[in-house]
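# Observations on chain architecture
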Amino acid sequence: MKKLSLVLMMFLCAVGSIIAQRSIEGTVVDDGNEPLIGATVVVEGTAVGTVTDFDGKYKIDLPDGATTLVFSYTGYKTSRQEVGTSNVVDMTMTFDAIGLEDVVVTGYAPQRRKDITGSVASVSADDIADVPGVGVQTALRGRAAGVTVIQNSGAPGSGIDVRVRGSTSISASNRPLYVIDGVPVIDRDFAQQGVGNQGANSLADLNPNDIESIEVLKDASSAAIYGSRAANGVVLINTKKGKAGRTRVTLDASYGVQEVLKKVETLDAEGYREYLTEIFGSPDAGAGGLGGTSDWQDEIFRTSNIQDYNLGISGGDEKTRFYASLSFNQNEGIIQRSQFDRYSARLNLDHVASDKLTIGMNLGYTNSTNQRIQNDNNIFGALSTAILLPPTVPIFNEDGSYGSAFGLENPVAAVNEYDNQVQTNRIIGNAFARYELIDGLSLKASIGIDALSLREDIFESSLLQSSARGTAILGTVTNLRWVNEYVLTYQKRFGQSSLTALGGVSFQEDQLEEAFSEVNDFPSNDFTALSAGANITTVSGSFTGDAIQSYFANVNYTFADKYIVTATFRADGSSRFVNDKFGYFPGISGAWRLSSEDFMANGFFDDLKLRVGWGQTGNNDIGNFTSRQLSEAGTNYLDQPGFVTLQLGNPDLKWETTTQTNIGIDFAMLNSRLAGSLDVYIKNTDDLLLNRPIPTTSGFITVPTNVGEVENRGVELSLTSINFVGDFSWSTTFNFAYNDNEVKKLFNGQPIDVGFATRIAEGQPLGSFFGHQTDGIFQNQTEVEAHATQTNGTSPGDFRFADIGGGAGPDGIVGTADDLPADGVINDDDRTFIGSAIPDFTGGLINNFSYKGIELNLFVQYSLGNEIYNNNLAFAEGMNSVFNPTVRAFENAWREEGDGNQFPRVANGDPNNNRRESDRFVEDGSFIRLKTATLSYTLPNSILGDSGLSKVRIYVSGTNLVTITDYSWFDPEVNTFDGSNTALGTDFLTFPQARSVVFGVNLGF
């Protein structure tokens, strides 16, 4: 009887539950009455939801007591609709011109753009869809205010520097943290053999066609959720996901050509012999009598191909959604035999297993091959020698060997006989499960992986100057990163309040293993394996790793859609530190939507929001064992084993800490036709990790210490305007950024000299150039005699250098005071600051035009107020050596009084040190560049008919089409010292960027 009663009770409860629920259905369309496929329909205050089908239709069960449905769709304003008594609820959604209702990922939980209280910049897939050769970093170029992207060279797959609101560190990393689908990824150059100063770009492994959106967390209040690795900003990359509805297939293909932007005009063979006659008295001096007529730049540069093919498949239903892709990209560099190939595949899955459980995965695989050549700052580099090697040197001697002179490599040999292949296999992905414990409370568990395997194969032929009898090198690297995270999230809407709170733990572990072997002396260039070499030069290997244990929490509260408060806290413990293992990073921000207040009703602004934020973030990129004293075995003596101390440790090392305050305003007006944001920030980094000098009696020169301070102050402005709407539409996006960087404190105020004429000093920005000031050229002997004590051997036609004074200035630092008395001697005491690599203003301007399927996109990038230290001129315009000079320097060299003050006399030797580090080599690096222009046409549906095609779009796109600059060398967007925090804005025979034109087609099925 009891069992029967229990069964009856359960039956009645089930019936009551069924009776309590109502089934609601309807159709969701846009304001043009077109169905919206995959729009989200959620019962407000619950986790009950569904998505619309191919016809925009939906059906959902309404729980007892529920009264409101919430409709959302990317690019449209979120709408709420009371259900009432009807079982049919249709919805017409309105286009959101400024994206306030767009959902963006700003950490571990998504937010509506209108609820963001920090400073966040966004780049969508549409922004980069047709840009040839775009990558993760270059997608941000000129599109996010305050984000500076420097493509250090044009070598395929080479390094790219990204700075978010300036540089914060001197010895630790200045790169932002990159997070792909929730996985903090590895970002470093693993190549063990240098080819100059240009490194490889590890983020070139990600296929940009898989990117759905990029969010840049710029201020500390938003980035603090990533704690110890967020001092330089956070770049969140979300890959594409499937949407419910019919299966969609896309095929994108493009093919184009690229060429060098410009060539440097050096002397031909006849001009070089004239130069030798003037400098040595004979056209046959040095290499003048070799009889060649080579144009080395024509020999190494080429018009090359760039191609890209992508196949994407996506779809699903209310339960399961998927996105899969295959792609191939090939970039043949504009210098012979340089090339980057990438094959990639991706599979993203989401599955609703039950009303409470959702599981999914994001998995990407890449295989890339980078064919590298020797390049900048390298006497064996192809471009280096193409500039400096005399044109009189023949490509081949009579005996068939490569022509050469002065120990320089033959440029043709440098590209033909040097083989350097770096092959990388990489998997980046994660798997997750989300379970709803109770209404509004869910637990998400995820495991992520970034597994990178790299193999470096190099063979230097005996025909090269760099290798007498052949050299083979094999390097391997395996880096494995595991990330486990568990996040508890509570979301609740009650009355006018909305609350999202989360807390979680994260565990990250890295394991790095490296091996390197070098063998010399091969019997023939046909045998390139290590075993064929006679002498083993180097065999080495290492294994290292580190771990981070983290705890974090975030609370976001919104009241009446106009008062928003966000608080964040993260604690990170790192194996890299000893006594101060944990760092603590808080952040708090708030926003007030003034446009929702009664006193702003019917006002000028459609939306007006004031944001204020403060937070702290960290930087621990100092190496795994910097804080520990290390010893090394193998230092044997008299056949007895021994140890030696390698470095002095400092167990008291702690995190570099960046404290940032941000004030911002977001606004929209004129029926949201004009929108934008303005931010002002102060960003101070202290406890810099630097090597402090110590007495050499310790057996060491320095010890790592927390000392130093760097500050960044800046202003950012972003504007978007919808100029025309209709058959002809036109929109404009403009962004502008100003950043003032200053070194506030160094150990005992002592400056640090690095790179080409670069000095780090208190009161100066990082990337400051330090050297002599030129004061024209001596025009006659009388002027020389008036300054006879400057330098012995000075003659008319030599540079006159400013006599700033002798000794240190009032601040105790040599060469920093401009009012010191002249002492009649030019030496190191007369040096001063002569320029800065940091631009005053950076940004971009984008215009989109469309008319009945025809679209034109123009993107202009600019950088203003920065200088470049052009060290090329010290060799190509020194006018005193056997290297081939430029045409302009030779033709305009000083030869008699009145010849000008730009180029010195032609002389054998350099008695007056005309080549000394000075402002003569500092050039204006400002530029305005038409970075990309894309013209496309989308066929109307009336033409496609029943072809099975849902989209056909053809386009032509150009990159680096027009550059306005006063910089004299190949390209103003350059830095020889790839990845350097301090030696910025330098150029020394660096691989230039290319101009490209690409034709492509986008097909949809």
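This one's a predicted model, so the numbers in the text were calculated from it and none came from an experiment.

Once that is clear, we can look at the overall build of the protein chain. Secondary structure summary: the protein chain contains 10 helices and 51 strands in total. A compact globule built from 1005 residues would reach a C-alpha radius of gyration of about 30 Å, and the protein chain, at 32 Å, matches this within 12%. Dimensions of the protein chain along its principal axes, counting C-alpha atoms only, are 115 × 70 × 70 Å. Counting over 1005 residues, the protein chain shows a buried share of 53%. Of the contacts formed within the protein chain by residues at least 6 apart in sequence, a portion of 69% connects residues at least 24 apart.

Residues Ala 994, Ser 996, Val 998, Gly 1000, Asn 1002 and Gly 1004 of strand E51 (residues 994-1004) are buried on one face, while the alternating residues Arg 995, Val 997, Phe 999, Val 1001 and Leu 1003, pointing to the opposite face, are not. The pairing of strand E17 (residues 245-260) with E51 spans 11 bridges and is antiparallel. Within E51, the residue paired with Gln 258 across the bridge is Ser 996. Examined bridge by bridge, strand E49 (residues 951-965) and E51 share 9 bridges and lie antiparallel to one another. Residue pairing in the sheet places Ser 957 in a bridge with Val 998 of E51.

Another point: the pairing of strand E48 (residues 927-938). Across 10 bridges, the pairing between strand E45 (residues 854-864) and E48 is antiparallel. Opposite Gln 861, over in E48, you have Arg 929 as the bridge partner. As defined by bridge partners, E48 adjoins E49 across 11 bridges and the pair is classed as antiparallel. Opposite Ala 933, over in E49, you have Gly 958 as the bridge partner.

Moving on, we get to the packing of aromatic side chains. Tallying each qualifying case throughout the model produces 31 aromatic pairs. Measuring from centroid to centroid gives 5.4 Å for Phe 604 and Phe 605, while their planes differ by 85°, and the two rings are edge-to-face. Here Phe 605 falls in the partly exposed class, since its relative accessible area comes to 26%. When the centroid spacing of 5.0 Å and the interplanar angle of 65° are considered together, the rings of Phe 770 and Phe 833 count as edge-to-face. With Phe 770 in strand E40 (residues 768-771) and Phe 833 in strand E43 (residues 832-836), this residue pair connects regions lying 63 residues apart in the sequence. Comparing Phe 770 with Phe 833, the two get one shared label, buried. A connected cluster of aromatic rings, assembled from ring pairs, spans Phe 756, Phe 875, Phe 883, Phe 977 and Phe 988. Over the face of the ring belonging to Phe 875 we find Arg 915, whose NZ or CZ atom lies 4.7 Å from the ring centre.

This brings us to the sheet that holds strand E2 (residues 40-43). Sheet architecture is open: 4 strands sit in the order E3-E2-E5-E6, paired in antiparallel fashion. The open sheet has two edge strands, strand E3 (49-51) and strand E6 (79-82), and neither has a second partner. When strand polarity is set aside, the average angle formed by the axes of neighbouring strands in this sheet is 20°. As paired strands, E2 and strand E5 (residues 68-72) are joined by 4 bridges and run antiparallel to one another. Within E5, the position partnered with Val 42 by the bridge is Val 70.

The 5 strands are arranged E10-E15-E16-E13-E14 in an open sheet whose pairing can be described as mixed. Of all strands in the sheet, those with a lone pairing partner are strand E10 (120-124) and strand E14 (183-184), marking the two edges. Inspection of the sheet shows E10 paired to strand E15 (residues 211-217) by 5 bridges, in the antiparallel sense. Residue Ser 124 lies in a different strand from E15, and its bridge partner there is Ser 213.

All right, on to unusual backbone geometry then. Although it is not a glycine, Ala 560 adopts a positive phi angle of roughly 60°. Along the chain, Ala 560 turns up in the loop between strand E26 (535-559) and strand E27 (563-574). At Asn 913, a position not held by glycine, the phi torsion is positive, near 55°. Note on placement: Asn 913 falls in the loop between helix H9 (887-891) and strand E47 (922-924). In this structure Asn 913 comes out as partly exposed when scored by relative accessible area, which is 35%.

Here is what the cut-offs are and how they apply
- Residues numbered from 1 in each chain as written.
- Predicted model: local features only at pLDDT ≥ 70, side-chain atom pairs only at ≥ 80, totals over all residues.
- Heavy atoms only, no water.
- Helix = DSSP H or I, 4+ residues; strand = E, 2+ residues; numbered from the N terminus.
- Rg over C-alpha atoms; globule rule 2.2 N^0.38 Å.
- Buried < 20%, exposed > 50% of the residue type's maximum accessible area, 1.4 Å probe, protein only.
- Contact = heavy atoms within 4.5 Å.
- Pairing = 2+ DSSP bridges.
- Phe/Tyr/Trp six-rings, centres within 6.5 Å; stacked < 30°, edge-to-face > 60°.
- Lys NZ or Arg CZ within 6 Å of the ring centre and 35° of its normal.
- Axes fitted to C-alpha atoms, helices over the stretch in contact; angles between N-to-C directions.

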